[in-house]
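What the coordinates show
Listed here are the chains, written in short residue letters.
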Amino acid sequence: MTNHEQEKQKLKEENTETCRHIAEKLQQYVDRELRVCPECGQTFVYDDNADQLVTLCPLCHAEIDVEDLETPSLHSYFSDHLGETFRINGNRDYESVRVMITCGGPNIYVDTESKCVQLYWGGDEAHYSLSNKVVAEINEIFEEIWNNH
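A short tour of the structure in this document, coming up. (Residues numbered from 1 in each chain as written. Predicted model: local features only at pLDDT ≥ 70, side-chain atom pairs only at ≥ 80, totals over all residues. Heavy atoms only, no water.)

1. Some thoughts on the overall build of the protein chain
Scanning the protein chain from N- to C-terminus turns up 3 helices and 9 strands. Expressed as lengths along the three principal axes of its C-alpha atoms, the size of the protein chain is roughly 55 × 50 × 25 Å. Expressed as a percentage of its 149 residues, the buried residues of the protein chain come to 32%. Expressed as a percentage of contacts within the protein chain between residues at least 6 apart in sequence, the contacts between residues at least 24 apart total 42%. If you sum the accessible surface of the protein chain, you get close to 9,400 Å²; carbon and sulfur atoms cover 44% of it. Each charge class in the protein chain was averaged separately, 12 positive and 29 negative side chains, and the resulting centres sit 7 Å apart. (Helix = DSSP H or I, 4+ residues; strand = E, 2+ residues; numbered from the N terminus. Buried < 20%, exposed > 50% of the residue type's maximum accessible area, 1.4 Å probe, protein only. Contact = heavy atoms within 4.5 Å. Areas by Shrake-Rupley, 256 points an atom, 1.4 Å probe, with all protein chains shown as cover. Lys, Arg positive; Asp, Glu negative; His and termini not counted. Charge placed at Lys NZ, Arg CZ, Asp CG, Glu CD.)

Structure representation (structure tokens):
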């Protein structure tokens, strides 16, 4: 394998890893595994099966009373998305959505029709599948937006 082919392969793996990371984060939202640190505002995975009264934020290392932790909704993940393309049927009923979550290098979309995270950067692309549960929740969020527009 030439150096150019090795670099292309490495980039493809990195792009797929980026898509996988986003798909897993969306799954964590749906599975309600995330909490918001009241100190730094960042989300982190929290094991609520642990019998503890206080935890440390893994990001800012603040000591937090477990009762002060909020569980973010998937809706909050999409609150600052960059745009969406609705797919509707002939009756103007919602069918699916393609949501842009980053652009400019790379462009990344969450697409409920293809049920995957899609990454495009120049001539390169990568995809990673979403669970049916994640797709259903995303569709629920954006169908409500479509119906209230």
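Let's pick the thread back up.
2. As for a negative patch on the surface
Taken together, the side chains of D93, E95, E137, E140, E143 and E144 make up a negatively charged region of the molecular surface. A per-element tally of the negative patch places helix α3 (residues 132-147) first, with 4 residues. Residue position: E144 is located in helix α3. Under the relative-accessibility criterion, E144 is labelled exposed at 52%. (Patch = residues over 30% accessible without salt bridge, like charges linked within 9 Å, V, L, I, M, F, W, Y side chains within 5 Å. Salt bridge = Lys/Arg side-chain N within 4 Å of Asp/Glu carboxyl O.)

3. Considering the pattern of salt bridges
For the structure shown, the criterion picks out 6 salt bridges. The salt bridge partner of D31 is K133, with a shortest N-O separation of 3.4 Å. Here D31, found in the loop between α1 (3-30) and β1 (34-36), pairs with K133, found in helix α3; they are 102 residues apart in sequence, far enough to count as distant. Overall, the relative accessible area of 47% leaves K133 in the partly exposed class. R87 is the salt-bridge partner of D111, the closest N and O atoms lying 2.8 Å from each other. Placement of D111 in strand β7 (residues 107-111) and of R87 in strand β5 (residues 83-88) is noted, with a sequence separation of 24 residues between them. Counted as one network, the salt bridges with shared partners bring together E17, R20 and E24.

4. Brief notes about the side chain of N15
Mapped onto the fold, N15 is located in helix α1. If near-sequence neighbours (up to four positions away) are discounted, N15 is found in contact with L119, W121, D124 and A126.

5. Focus: the pairing of strand β6 (residues 94-102)
With 6 bridges connecting them, β5 and β6 associate as antiparallel partners. Of the residues in β6, the one forming a bridge with R87 is S96. Taking the residues between adjacent antiparallel strands as the criterion, β5 and β6 are bridged by 5 residues, where R92 takes a positive phi near 65°. As defined by bridge partners, β6 adjoins β7 across 4 bridges and the pair is classed as antiparallel. Looking across to β7, one finds that V99 is bridged to V110. (Pairing = 2+ DSSP bridges.)

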